[in-house]
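# Coordinate analysis (summary)
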Amino acid sequence: MKISIYQMEIVPGNPSENHRKVHAWIEKEVENSKPDLIVLPEMWTTSYTLEDIHLHADYNGNPTVPFLQTMAKSFNINIIGGSFANKVGGKVYNTAVVINRQGETIYQYNKVHLVPMLNEPKYLAGGQNVPEVFELEGMKMGLIICYDLRFAEIIRPLALEGAEVLFIVAEWPIARLNHWKNIQITRAIENQMFVVSCNNVGSYQNDTFGGSSMVVNPWGDTLLEGSTTDEEALSISINIEETKEIREKVPVFASRVSHLYKQGL
């Protein structure tokens with residue numbers, strides 16, 4: 001599978017301009033790289049304009065989901081649609097979506113873990129369902145959002161259910177860039193899966209975001225890493241068979257003694 005990642009510099013509080021940027025990038029990337037799947041970052045329609053998020057948020061997925069559905073169908077690509085501010089029932093969620101080549105929404109997830117360092121709990125509602133495995137073109141995948149990466153307990157079940165690739169969409173700050181890189185490698189090794197991340201660059205108010213979008217293989221090798229400062233397209237082909245091969249060579253899951261593990265921790 002060929003994957004293209006948009007390490008985007010988001011225009012704060014301007015969904016229409018960010019839609020325009022994504023449309024132009026997808027059009028160019030499809031022509032140049034011919035990807036099977038593209039990945040967008042967290043909160044790519046608005047950035048962290050949390051004080052005004054009710055003004056800029058989608059309403060029940062509109063207009064962002066129809067926009068992504070049109071892009072997927074028009075360009076015959078699968079889309080990990082990053083995440084966007086989404087108002088549902090008077091609350092604003094940080095919502096991620098996955099769209100297939102036919103323009104169908106096959107998975108949607110509301111971010112469970114809200115970031116206290118960015119004051120998310122003051123402005124956003126947390127999702128009530130942990131990530132689940134979804135399938136694209138016969139491959140099992142998982143999707144988490146930014147701060148979720150720190151919580152191994154929601155990622156291991158994805159691997160146990162057969163996920164071969166974990167996608168992370170983020171606006172991760174440069175101040176904690178060392179954590180960003182090392183935790184991804186750890187998650188890839190402990191779960192024996194590919195980890196594909198899409199972070200943004202640029203800044204908003206006092207926060208500067210650190211880029212360094214990554215692709216890590218199930219052995220923990222970093223195959224691709226973006227700049228810390230530049231907006232760019234990153235493209236790579238991954239061989240999903242590596243996941244199966246490594247899980248056979250080092251049979252971690254078969255070695256588990258789960259009846260001895262404490263539950264709920």
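Above this text is the structure in question.
A brief structural summary.

### Some thoughts on the packing of helix α5 (residues 152-160) against helix α6 (residues 177-191)
Look at α5 against α6: their axes get within 10 Å of each other, and the N-to-C directions meet at 40°. Crossing handedness for the pair α5 and α6: right-handed. For the pair α5 and α6, the contacting residues are Ala152, Ile155, Arg156 and Ala159 in the first and Arg187, Glu190 and Asn191 in the second. Residue classes in the contact of α5 with α6 are distributed as 3 nonpolar, 1 polar and 3 charged.

### Here's the deal with the pairing of strand β11 (residues 201-204)
Of the strand pairs in this sheet, β11 and strand β12 (residues 207-210) are connected by 4 bridges, and their pairing is antiparallel. In the sheet register, Val201 faces β12, and the bridge partner there is Gly210. Connecting the antiparallel pair β11 and β12 is a turn made up of 2 residues, with Gln205 showing a positive phi of about 55°.

### Overview of the nonpolar core
In this structure, Ile3, Val39, Ile80, Leu143 and Phe167 are the most contacted members of the largest nonpolar core, which totals 48 residues. Setting aside anything within four residues of it in sequence, one finds Phe167 in contact with Ile3, Leu37, Val39, Ile80, Met141, Gly142, Leu143, Ile144 and Val196.

### Topic: the sheet that holds strand β8 (residues 139-145)
Taken together, 6 strands build an open sheet; the order of strands is β7-β8-β9-β10-β13-β14 and the sheet is mixed. Lying at the two open borders of the sheet, with one neighbouring strand each, are β7 (134-136) and β14 (222-225). Adjacent strand axes in the sheet meet at a mean angle of 20° when their direction is disregarded.

### Topic: the side chain of Asn100
Along the chain, Asn100 falls in the loop between β5 (91-99) and β6 (105-110). By relative accessible area, which is 9% here, Asn100 ends up buried. Of note is the side chain of Asn100, whose polar atom sits 3.0 Å from the backbone nitrogen of Gln102. Within the local environment of Asn100, its side chain forms a polar contact with the side chain of Glu104, the two groups lying 2.8 Å apart. Excluding residues that lie within four positions of it along the chain, Asn100 makes contacts with Ala72, Ile77, Asn78, Ile106 and Leu136.

### Brief notes about a nonpolar patch on the surface
Residues Val257, Leu260 and Tyr261 make up a contiguous nonpolar surface patch of about 280 Å² in total accessible area. Among the structural elements, Tyr261 can be located in the segment after α7 (241-249). For Tyr261, a relative accessible area of 37% corresponds to the partly exposed category.

### Description of the packing of aromatic side chains
Tallied over the full model, the rule gives 6 aromatic pairs. Each ring, one from Tyr6 and one from Trp25, has its centre 4.5 Å from the other, and the planes form 5°; the classification is stacked. Of the two residues, Tyr6 is situated in strand β1 (residues 2-7) and Trp25 in helix α1 (residues 15-33); the sequence distance between them amounts to 19 residues. Judged by its relative accessible area of 4%, Tyr6 is buried. The class for Trp25 is buried, based on a relative accessible area of 9%. Pairing Trp44 with Phe67 gives two aromatic rings, centres 6.2 Å apart and planes at 45°, and the pair type is tilted. Here Trp44, found in the loop between β2 (37-39) and α2 (53-56), pairs with Phe67, found in helix α3 (residues 64-75); they are 23 residues apart in sequence, far enough to count as distant. Across this residue pair, the class does not change: Trp44 and Phe67 are buried.

Rules and cut-offs
Residues numbered from 1 in each chain as written. Predicted model: local features only at pLDDT ≥ 70, side-chain atom pairs only at ≥ 80, totals over all residues. Heavy atoms only, no water. Axes fitted to C-alpha atoms, helices over the stretch in contact; angles between N-to-C directions. Helix = DSSP H or I, 4+ residues; strand = E, 2+ residues; numbered from the N terminus. Left-handed = near helix turned anticlockwise from the far one by under 90°. Contact = heavy atoms within 4.5 Å. Nonpolar A, V, L, I, M, F, W, Y, C, P; charged D, E, K, R; others polar. Pairing = 2+ DSSP bridges. Core = buried A, V, L, I, M, F, W, Y, C linked by side-chain atoms within 4.5 Å. Buried < 20%, exposed > 50% of the residue type's maximum accessible area, 1.4 Å probe, protein only. Polar contact = N/O pair within 3.5 Å; in protein donor to acceptor, adjacent residues only side chain to side chain. Patch = residues over 30% accessible without salt bridge, like charges linked within 9 Å, V, L, I, M, F, W, Y side chains within 5 Å. Areas by Shrake-Rupley, 256 points an atom, 1.4 Å probe, with all protein chains shown as cover. Salt bridge = Lys/Arg side-chain N within 4 Å of Asp/Glu carboxyl O. Phe/Tyr/Trp six-rings, centres within 6.5 Å; stacked < 30°, edge-to-face > 60°.

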